[in-house]
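Inside the fold
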Amino acid sequence: MDDLTQHRKARLRALIDSPTYKGSQAAFANACGLTEGRVSQLLKPDQSFGERSAKNIANELRLGDRYFEEGFAAPQEVSESNVAPAAELKRARRVPVTGSVKGGDDGYLVQDNGIDGWVDYWTTDPHAHALRIKGDSMHPRYRAGEFVIVTPSVEAQPGRDVVVKLTNGKCLLKQLNWMRDDEVQLLSINNGYAPMTIPRSEIETIARVAGSVGPDSLEF
């Protein structure tokens, strides 16, 4: 087994053992759309865990395309003086739930603020927070009861979901399509609305959505 495959399997094992899945391969398999047998196969030392499988799982869990490769450095011939410790796997942290949201009839979010508890998520953003999804307006991307993890300290890139706060106090949960110096275009999560092009002058913040966790992740 090559070093990169070993690295991917270590991160997979750490993900399954995290507080979200509590070591349950069945729960993890259900979350990422695989069979439990396939997850067991990926963990075996003599089985491959290639780039395509890693990318599919990472995208399904909204962890980012290169999640399973993060922290990997290809082996190099180096002298003892410049050998650095291996990077640690990203650890889950407690992320506060700051309220719940649902899509309104006009495409803007209807918010209910207030700390309701905590969820565990893999992020280094000290300002990360979670929002609980209410209703089915964002189905099937986000289901009722799930929590979306917002990481304001991480710059949002086109193609990612974002929470946008406008200067008039309204908020949106959309997919970021493109950004220009003077305008931003957002796409509907469920294709229920036409694209929105908003002047930069009307936007207060754009916060990246890192991913989501299930309804059973809430802790008090």
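In the block above lies the structure referred to throughout.
Residues numbered from 1 in each chain as written. Predicted model: local features only at pLDDT ≥ 70, side-chain atom pairs only at ≥ 80, totals over all residues. Heavy atoms only, no water.

Counting its regular elements, the protein chain contains four helices and nine strands. Put simply, the protein chain runs from its N terminus to its C terminus through helices and strands in the order α-α-α-α-β-β-β-β-β-β-β-β-β. If you line up the protein chain on its principal axes, its C-alpha atoms span 55 × 40 × 30 Å. Residue burial in the protein chain is summarised as follows: out of 220 residues, 38% are buried. In the protein chain, 59% of the contacts between residues at least 6 apart in sequence involve partners at least 24 apart. Here the protein chain has roughly 12100 Å² of accessible surface; of this, 46% comes from carbon and sulfur atoms. (Helix = DSSP H or I, 4+ residues; strand = E, 2+ residues; numbered from the N terminus. Buried < 20%, exposed > 50% of the residue type's maximum accessible area, 1.4 Å probe, protein only. Contact = heavy atoms within 4.5 Å. Areas by Shrake-Rupley, 256 points an atom, 1.4 Å probe, with all protein chains shown as cover.)

A general feature of soluble globular proteins is that nonpolar side chains tend to end up buried together. Core analysis: the largest hydrophobic core is formed by 29 residues, its most contacted members being Phe28 and Phe68. Put simply, the parts of the chain that give this core at least two residues each are helix H1 (3-16), helix H2 (25-32), helix H3 (36-43), helix H4 (51-60), strand E1 (92-103), strand E2 (109-122), strand E4 (147-151) and strand E9 (203-213). Beyond its immediate stretch of four places on either side in the chain, Phe28 contacts Leu12, Leu15, Ile16, Tyr21, Val39, Ile57 and Leu61. Of all hydrophobic cores here, the second largest spans 14 residues; its members include Val101, Ile133, Val150 and Cys171. (Core = buried A, V, L, I, M, F, W, Y, C linked by side-chain atoms within 4.5 Å.)

On to the side chain of Gln25. As for its position among the elements, Gln25 is in helix H2. Within the structure, Gln25 has its side chain in polar contact with the side chain of Ser40 (distance 2.7 Å). Aside from chain neighbours lying at most four places away, what touches Gln25 is Arg13, Ile16, Glu36, Val39, Ser40 and Leu43. (Polar contact = N/O pair within 3.5 Å; in protein donor to acceptor, adjacent residues only side chain to side chain.)

The terminal C-alpha atoms of H1, which comprises 14 residues, lie 20 Å apart, in line with the 20 Å expected from a rise of 1.5 Å per residue. Thr5, His7, Arg8, Lys9, Arg11, Leu12, Leu15 and Ile16 are the residues of H1 that are buried. Capping of H1 at its N-terminal end is provided by Asp2; its side-chain oxygen lies 3.0 Å from the backbone amide nitrogen of Leu4. (Expected span 1.5 Å × (residues − 1).)

Another point: the pattern of salt bridges. One pass over the full model with this rule turns up seven salt bridges. When the shortest N-O distance is used, the salt bridge between Glu69 and Arg8 registers 2.5 Å. With a gap of 61 residues between them, Glu69 in the loop between H4 and E1 and Arg8 in helix H1 connect regions that are remote in the sequence. A relative accessible area of 9% means that Glu69 is categorised as buried. The class for Arg8 is buried, based on a relative accessible area of 5%. Residue Arg13 pairs with Asp17 through a salt bridge whose shortest N-O separation is 3.2 Å. (Salt bridge = Lys/Arg side-chain N within 4 Å of Asp/Glu carboxyl O.)

Strand direction decides the pairing type here: strand E5 (residues 161-166) and strand E6 (residues 171-179), joined by five bridges, are antiparallel. Across the sheet, residue Lys165 finds its bridge partner in E6, namely Cys171. Between the antiparallel neighbours E6 and strand E7 (residues 183-187) lie three residues. (Pairing = 2+ DSSP bridges.)

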